[in-house]
Amino acid sequence: MQQHLIVGDSLNFPASTPDYPANDGWVLKYRLVPRAAGGGAAPIEIIATAEGADHRVAVTAAVTATWVAGDYGWSSWVGKGAEQYTVDQGQITLRPNPRTVAIGTDLRSQAEKALADAKAALATWSPTRRRYRIGDREMEFNSTADIVKLITWWEQQVAAENVMAGRAERPARRIYSRI
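Caption draft 1: Spotlight on the side chain of serine 76. Counting through the fold element by element, serine 76 comes out in strand β7 (residues 70-80). A relative accessible area of 1% places serine 76 in the buried class. Residues in contact with serine 76, not counting those within four places in the same chain, are Leu28, Lys29, Tyr30, Thr86, Val87 and Asp88.

In structure tokens, the structure reads:
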């Protein structure tokens, strides 16, 4: 299962469970459970279809468009008759659909928002004003070095997100010549 999905996009991937082949009657299921209580999100159930010995997880864009954006924990398991075995677990973030969100919706990730907040804290830091609100947390910094350390950490998180999403910046190419 991927780590991010935009609601309204199709979800489609093969899943291989060598010990529990689909052509032997095993059925693969997924359940996505919202991590935040409230917010109107309900657990999401997905049942894969058989594709030879493998399984195919396919959810149409029309179905995912009804899902609520947010962070979810997921679990997958196989079942055959009375037997059930957990296969895998993980986390997925369902992101708002930029094609349908309301004006003013912030589509940045948590890491991008926190990085911007940390940079704003650095810009306004002074020895007399050391307490700042970053995201939904309040923090106190003893020096600019504390803030810079936090900025560096969030920059690494944003860079990792970009790599995972295929948006990583390519290193600058250098062209050397002799004169």
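The rest of the description comes next.
Caption draft 2: Geometry of the layout of surface pockets. The space that makes up the largest pocket amounts to roughly 720 Å³. Lining of the largest pocket is provided by 24 residues; of these, Asp71, Thr93, Ser109, Gln110 and Glu161 occupy positions nearest its centre. In the lining of the largest pocket, the residues fall into 9 nonpolar, 8 polar and 7 charged.

Caption draft 3: Region of interest: the confidence of the model for the protein. Model confidence for the protein is summarised by a mean pLDDT of 86, while 85% of its residues fall at 70 or above. By mean pLDDT, strand β9 (residues 131-134) is the weakest element of the protein at 65, and strand β4 (residues 44-47) is the strongest at 98.

So, how was this worked out
- Residues numbered from 1 in each chain as written.
- Predicted model: local features only at pLDDT ≥ 70, side-chain atom pairs only at ≥ 80, totals over all residues.
- Heavy atoms only, no water.
- Helix = DSSP H or I, 4+ residues; strand = E, 2+ residues; numbered from the N terminus.
- Buried < 20%, exposed > 50% of the residue type's maximum accessible area, 1.4 Å probe, protein only.
- Contact = heavy atoms within 4.5 Å.
- 1 Å grid on protein atoms, 1.4 Å probe; cavity = no way out; pocket = protein on both sides within 12 Å on 5 of 7 lines; lining within 4 Å.
- Points joined across faces, edges and corners; volume = space filled by probe spheres on them.
- Nonpolar A, V, L, I, M, F, W, Y, C, P; charged D, E, K, R; others polar.
- pLDDT = per-residue confidence, 0-100.

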